[in-house]
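Chain by chain, the residues run as shown.
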Amino acid sequence: MKVAVFSSKPYDEEHLTSANTETGLELTFLEPQLTAQTVALTKGFDIVCCFVNDVIDTAVAAQLQENGVKLVAMRCAGFNNVDLDACAKHNLPVARVPEYSPNAVAEHAAALILDLNRNIHRAFSRIRENDYSLSGLMGFDLYGKTVAIVGGGRIGQSIIRIMKGFGCRVICFDPMPSEALVETGVELVSLEQVWAESDIISLHCPLVRSTYHIINSNTLSQMKKGVMLINTSRGGLIDTPAIIKALKNGQVGYLGLDVYEEEANLFFENYSNQVLQDDIFARLTTFKNVVITGHQAFFTHEALQAIAEVTLNNILHFDKGELDKMCLVKT
Ligand code: NAD
């Protein structure tokens, strides 16, 4: 089986190659994202292996089928850039890695909370400038504060446990709470309660039609003044111009982001020699109470190892016709 690995970075190559010693799969690592412009590269491959910002829309799906590709193997959990109907129409099953290290993402969300609250990013710069003053660095105790988790799945449950460890009151909104979520002992609440009662809100729901811009001017206006918002899920959950307005008037007191709606044109690449063209993103980077990381919440050794193993297993099961053993995305 010939596999074209798109959006490939040295760390992908390292982990996939070391997991591929005895499989007989032929992996070709390609740096470009999979898009309508690059889909021609898939000619002669049986499988495409894709990451979060690769785009498989109607045109790409049709071209993949024409080029003989038989499977889309996502090496991530999310698949919001994959048109599942188009893939089904072009006979392209879509596999994914539903869980690699929920703890990695939850721990990163917790890191953003602690960094923002205690102004670690500002202290880091001050110390390097020989400035040991404390003005502007005051934080607040997490103990006793109300933390809301929107989306109590695998990652949500992990951060619920972490924040309970700090002695927080942890509440959660999930329209389909699982048994595992209930077992965490979290207080299940309505979205209205999330907005009204929380000191910190952390988003862990998928990006679907009902969650698109779930953080908007209307929901922001229902929150406590000075609320801390954390998004390690998907950029499209937040209406960025609305949050910039809320940061300017103090309605939002802290913002921690690992994802951004227009990240496909920015994240995972080094543009340090170029002028930043995205004015909305540029404005976000000017706030002292905003910390942004470039979609790195998943990025731990353990997670990359798990991603490589599950991705290759999906492909090997597909090769043997064992579709029931694959982590397939249901259409
Ligand atoms: P999951 O499928 O285990 O959990 C998602 C939960 O969201 C489910 O419990 C579901 O019932 C709930 N949900 C569905 N619709 C909702 C709604 N309208 N409002 C609130 N909750 C809703 O997923 P997970 O593994 O916990 O991952 C959550 C998200 O994290 C993924 O969708 C992905 O976008 C994101 N993610 C980000 C990174 C990163 O590196 N930043 C890595 C992995 C996943």
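Quick caveat, the model's predicted, so the values are computed rather than measured.

Draft legend 1. Quick look at the overall build of the protein chain. Within the protein chain, the regular secondary structure consists of 12 helices and 12 strands. For 331 residues, the compact-globule estimate of 2.2 N^0.38 gives 20 Å, and the C-alpha radius of gyration of the protein chain, at 21 Å, lies within 12% of that figure. In terms of overall dimensions, the protein chain has a C-alpha envelope of 60 × 50 × 35 Å along the principal axes. A buried classification covers 49% of the 331 residues belonging to the protein chain. Relative to all contacts within the protein chain whose residues are 6 or more apart in sequence, the contacts with residues 24 or more apart total 66%. With an accessible surface of roughly 16,200 Å², the protein chain has 51% of that area assigned to carbon and sulfur atoms. Taking the average place of the 27 positive charges on the side chains of the protein chain and the average place of its 38 negative ones, the gap between the two points comes to 6 Å.

Draft legend 2. View of the sheet that holds strand β6 (residues 146-150). The sheet built from seven strands is open, its strands ordered β8-β7-β6-β9-β10-β11-β12 with parallel pairing. Among the strands making up the open sheet, the edge pair consists of β8 (187-188) and β12 (290-292). In terms of strand pairing, β6 meets strand β9 (residues 200-203) through four bridges, oriented parallel. If you follow I149 over to β9, its bridge partner there is S202.

Draft legend 3. Representation of helix α4 (residues 102-118) within the structure. Counted at 1.5 Å a residue, the expected span for α4 with its 17 residues is 24 Å, and the 25 Å between its end C-alpha atoms agrees. The buried count for α4 comes to 12 of 17 residues, which makes it a mostly enclosed element. Residues of α4 that are buried: P102, A104, V105, A106, H108, A109, A110, L112, I113, D115, L116 and N117. Looking at the buried side of α4, the elements it contacts are α5 (120-128), α6 (154-165), β9, β10 (227-231), β11 (252-257) and β12. Following α4 by one or two positions, N119 adopts a phi angle in the positive range, close to 55°.

Draft legend 4. Inspection of the domain arrangement of the protein chain at higher detail. For the protein chain, the assigned domains read domain 1 (2-100 + 300-325) and domain 2 (102-292). The C-alpha-based centres of domain 1 and domain 2 are spaced at 30 Å. Contact residues are listed per partner, giving 13 residues for domain 1 and nine residues for domain 2. Interface of domain 1 and domain 2: buried area, both sides summed, is about 980 Å²; carbon and sulfur atoms make up 50% of it. Across the domain 1-domain 2 interface, the total number found is two salt bridges. Note that K9 is salt-bridged to E269, the shortest N-O span being 2.8 Å. Grouping the amino acids of the side of domain 1 that touches domain 2 by side-chain chemistry returns five nonpolar, five polar and three charged.

Draft legend 5. Geometry of unusual backbone geometry. For N119, which is not glycine, the phi torsion reads 55° and is therefore positive. Inspection of the secondary structure puts N119 in the loop between α4 and α5. Unusually for a residue other than glycine, N130 sits at a positive phi of about 65°. With respect to the helices and strands, N130 occurs in the loop between α5 and β6. For N130, a relative accessible area of 59% corresponds to the exposed category.

Draft legend 6. Structural context of the nonpolar core. I201, I215, L220, L229, I243, V252 and L255 are the most contacted members of the largest nonpolar core, which totals 33 residues. Residue contributions to this core peak at five residues, all from helix α10 (residues 240-248). Residue contacts for I215: discarding those within four places in its chain leaves W195, L203, L220, M223, L229, L237, I238, D239 and I243. In this structure, L34, I56, A61 and V72 belong to the second largest nonpolar core, which totals 28 residues.

Draft legend 7. Up close: the site of the ligand. What surrounds the ligand is a group of 24 residues, the closest being R154, I155, D174, T232 and D258. R154 places a polar main-chain atom, nitrogen or oxygen, 3.0 Å from an oxygen atom of the ligand. In this structure, an oxygen atom belonging to the ligand sits 3.4 Å away from a side-chain N or O atom of R234. In a pocket analysis with a 2 Å cut-off to the grid points, the ligand is assigned to the largest pocket. A class-by-class count of the residues in the shell around the ligand yields 11 nonpolar, nine polar and four charged.

Analysis parameters
- Residues numbered from 1 in each chain as written.
- Predicted model: local features only at pLDDT ≥ 70, side-chain atom pairs only at ≥ 80, totals over all residues.
- Heavy atoms only, no water.
- Helix = DSSP H or I, 4+ residues; strand = E, 2+ residues; numbered from the N terminus.
- Rg over C-alpha atoms; globule rule 2.2 N^0.38 Å.
- Buried < 20%, exposed > 50% of the residue type's maximum accessible area, 1.4 Å probe, protein only.
- Contact = heavy atoms within 4.5 Å.
- Areas by Shrake-Rupley, 256 points an atom, 1.4 Å probe, with all protein chains shown as cover.
- Lys, Arg positive; Asp, Glu negative; His and termini not counted.
- Charge placed at Lys NZ, Arg CZ, Asp CG, Glu CD.
- Pairing = 2+ DSSP bridges.
- Expected span 1.5 Å × (residues − 1).
- Domains from an automatic or database assignment.
- Buried area = accessible area lost by both parts, 1.4 Å probe.
- Salt bridge = Lys/Arg side-chain N within 4 Å of Asp/Glu carboxyl O.
- Nonpolar A, V, L, I, M, F, W, Y, C, P; charged D, E, K, R; others polar.
- Core = buried A, V, L, I, M, F, W, Y, C linked by side-chain atoms within 4.5 Å.
- Near = heavy atom within 4 Å.
- Polar contact = N/O pair within 3.5 Å; in protein donor to acceptor, adjacent residues only side chain to side chain.
- 1 Å grid on protein atoms, 1.4 Å probe; cavity = no way out; pocket = protein on both sides within 12 Å on 5 of 7 lines; lining within 4 Å.
- Sits in = over half its atoms within 2 Å of the grid points.

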